[in-house]
Amino acid sequence: MVQSLNTKVDLTMEATSFMGLPTYGKIMIGDRAFEYYNEKNLDDFIQIPWKEVDVVVALLMFKGRWIPRFTIRTRKSGAFTFAARRPHEALRAVRKYVGGDRIVRSLTFFQVIRRGIKAKLTRKKR
């Protein structure tokens with residue numbers, strides 16, 4: 001069994017991890033780390049210390065009323081995508097440790113398309 005990094009837990013809820021195939025488990029937000037534990041396989045876990053978190057990217061739909069998933073980008077290990085049962089509560093708990101300036105909205109579909117078109121046009125001009 002894995003040892004938790006947290007000494008005090010603020011929030012625990014059911015969540016889904018999207019690392020390859022989706023796996024179901026629980027996220028634990030505490031004073032030292034963001035942790036995910038798989039319900040069925042105890043060896044499948046993710047522990048991200050707060051000092052390792054670079055930015056948290058939230059996908060907002062319907063003007064922020066629905067948050068289907070959020071991604072935690074780290075300095076060294078890459079990005080980890082999660083979907084929580086109550087994402088607003090989870091992001092509020094994360095904001096307490098990460099800071100509001102490092103929680104950002106993801107780009108919309110049309111913003112991604114617009115950036116791609118602008119990049120193609122600037123490459124053709126050169």
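What counts and what doesn't
- Residues numbered from 1 in each chain as written.
- Predicted model: local features only at pLDDT ≥ 70, side-chain atom pairs only at ≥ 80, totals over all residues.
- Heavy atoms only, no water.
- Salt bridge = Lys/Arg side-chain N within 4 Å of Asp/Glu carboxyl O.
- Helix = DSSP H or I, 4+ residues; strand = E, 2+ residues; numbered from the N terminus.
- Phe/Tyr/Trp six-rings, centres within 6.5 Å; stacked < 30°, edge-to-face > 60°.
- Buried < 20%, exposed > 50% of the residue type's maximum accessible area, 1.4 Å probe, protein only.
- Polar contact = N/O pair within 3.5 Å; in protein donor to acceptor, adjacent residues only side chain to side chain.
- Contact = heavy atoms within 4.5 Å.

## A few points about the pattern of salt bridges
Working step 1: A full pass over the atoms with the stated rule returns five salt bridges.
Working step 2: A salt bridge links K8 to D10; the shortest N-O distance between them is 3.8 Å.
Working step 3: Of the charged contacts in the structure, one is a salt bridge between D10 and K96, with a shortest N-O distance of 3.4 Å. One end of the pair, D10, is in strand β1 (residues 9-17); the other, K96, is in helix α1 (residues 87-98), and 86 residues separate them in sequence.
Working step 4: One connected set of salt bridges, linked through shared partners, spans K8, D10 and K96.

## Here we look at the packing of aromatic side chains
Pairs of aromatic rings are described using the distance from one ring centre to the other and the angle between the two planes.
Working step 1: The final tally for this structure, using the stated rule, is seven aromatic pairs.
Working step 2: Here F34 and F70 contribute two aromatic rings whose centre-to-centre distance is 6.3 Å and whose plane-to-plane angle is 90°, an arrangement assigned as edge-to-face. Of this pair, F34 sits in strand β3 (residues 33-38) while F70 is found in strand β6 (residues 66-74), placing the two residues 36 residues apart along the sequence. In this pair, the class of F34 matches that of F70, namely buried.
Working step 3: Pairing F109 with F110 gives two aromatic rings, centres 5.4 Å apart and planes at 75°, and the pair type is edge-to-face.

## Let's talk about the side chain of T81
Working step 1: Its place among the elements puts T81 in strand β7 (residues 79-84).
Working step 2: The class for T81 is buried, based on a relative accessible area of 18%.
Working step 3: A polar contact of 3.3 Å, which involves the side chain of T81, links it to the side chain of T71.
Working step 4: Leaving out residues up to four positions away in the same chain, T81 has contacts with T16, S17, F18, R69, F70 and T71.

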